[in-house]
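Observations on chain architecture
Listed here are the chains, written in short residue letters.
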Amino acid sequence: MLQGFPPIIRPDTTILVLGSFPGEASLGAGQYYAHPRNQFWRLLGAVLNEPELHELAYDARLERVLKHGIGIWDVLAACHREGSLDSAIRHAKPNDFASLRAHAPLLKKVCFNGKTAGRFADVIGAAGYETLVLPSSSPAHAMLSFEQKLSCWRDILF
């Protein structure tokens, strides 16, 4: 059973971006979105008008994102999976979303990085949060260009 990462969140977090589950590169590095072709950090940097975000050291990236009131987590706490594809996820165990209010009382909006994570949008929405399902930043999701993804990702802040 693979174990995911703890949330990157503070009490003043107002927006949370949820992925599905860390890929092999991320698990190996112990960092969210560590695969060099994953566009997460570039997309978020463009949305936040911080174009150098993806070039910063990991801890500096996290601090910069948190300063903008944005947190990062995944919908799954643990699962079985061969490789990094969401379609290979088996025996998934969801994260404890009930704890969100305690850790981030100002949280208003939860954005989902891709359709797999987006399956949780109804549950999170029913808990009173605004939800937004975004096109995946994964290199496996190549149907849209970076610019097409970015036009959707800009809605994170609105």
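How each quantity is defined
Residues numbered from 1 in each chain as written. Predicted model: local features only at pLDDT ≥ 70, side-chain atom pairs only at ≥ 80, totals over all residues. Heavy atoms only, no water. UniProt positions renumbered as here; feature names shortened; annotations may be inferred. Helix = DSSP H or I, 4+ residues; strand = E, 2+ residues; numbered from the N terminus. 1 Å grid on protein atoms, 1.4 Å probe; cavity = no way out; pocket = protein on both sides within 12 Å on 5 of 7 lines; lining within 4 Å. Points joined across faces, edges and corners; volume = space filled by probe spheres on them. Nonpolar A, V, L, I, M, F, W, Y, C, P; charged D, E, K, R; others polar. Core = buried A, V, L, I, M, F, W, Y, C linked by side-chain atoms within 4.5 Å. Buried < 20%, exposed > 50% of the residue type's maximum accessible area, 1.4 Å probe, protein only. Contact = heavy atoms within 4.5 Å. Salt bridge = Lys/Arg side-chain N within 4 Å of Asp/Glu carboxyl O. Arc of directions from axis to C-beta. Axes fitted to C-alpha atoms, helices over the stretch in contact; angles between N-to-C directions. Parallel < 35°, antiparallel > 145°, perpendicular 65-115°, else oblique. Left-handed = near helix turned anticlockwise from the far one by under 90°.

Under an unreviewed UniProt entry, the name given to the protein is G/U mismatch-specific uracil-DNA glycosylase, and the source organism is Mycetohabitans endofungorum.

1. A few points about the UniProt feature "domain: Uracil-DNA glycosylase-like" (unreviewed entry) in the protein
The residues that UniProt annotates with the feature "domain: Uracil-DNA glycosylase-like" (unreviewed entry) are residues 6–157. Taken end to end, residues 6–157 comprises 30% helix and 20% strand; its first and last C-alpha atoms sit 23 Å apart.

2. Description of the layout of surface pockets
Roughly 710 Å³ of volume is contained in the largest pocket. Put simply, the parts of the chain that give the lining of the largest pocket at least two residues each are helix H1 (24–29), helix H5 (115–118) and strand S7 (130–134). Among the elements that make up the lining of the largest pocket, the one with the highest residue count is H1 (three residues). Considering only residue class, the lining of the largest pocket consists of 13 nonpolar, 15 polar and five charged.

3. A look at the nonpolar core
Residues Trp 41, Ile 72, Phe 112 and Ile 156 are the most contacted members of the largest nonpolar core, which totals 46 residues. Ranked by residue count, the leading element in this core is helix H2 (residues 40–47), at five residues. Excluding anything up to four places from it in sequence, Ile 72 contacts Pro 7, Ile 8, Leu 16, Val 17, Tyr 32, Tyr 33, Phe 40, Trp 41, Leu 62 and Val 65.

4. Describing the pattern of salt bridges
Scanning the entire structure with this criterion turns up five salt bridges. Among the salt bridges present, the one from Glu 50 reaches Arg 64, with a minimum N-O distance of 2.5 Å. Placement of Glu 50 in the loop between H2 and helix H3 (58–67) and of Arg 64 in helix H3 is noted, with a sequence separation of 14 residues between them. Arg 64 gets classed as partly exposed once you look at its relative accessible area, which sits at 27%. Salt bridges linked by common partners bring Arg 10, Asp 12 and Glu 63 together as one network.

5. Comments concerning helix H7 (residues 146–153)
Regarding H7, the residues found buried are Phe 146, Lys 149, Leu 150 and Trp 153. Down the axis, H7 shows its buried residues gathered within 100° of arc, on one side only.

6. So, the packing of H2 against H7
If you want to describe how two helices pack, look at the angle between their axes and the distance between the axes. Where H2 contacts H7, the two axes come as close as 10 Å, and the packing angle between them is 55°. By the angle between their directions, the pair H2 and H7 is classed as oblique. Considering only the axes of H2 and H7, their crossing is right-handed. Contacts between H2 and H7 involve Phe 40, Arg 42, Leu 43, Ala 46 and Val 47 from the first element and Phe 146, Lys 149, Leu 150 and Trp 153 from the second. Residues of the contact of H2 with H7, tallied by class, amount to seven nonpolar, no polar and two charged.

7. Observations concerning the side chain of Thr 116
Inspection of the secondary structure assignment puts Thr 116 in helix H5. Contact partners of Thr 116, with chain neighbours within four places excluded, come to Ser 20 and Asp 86.

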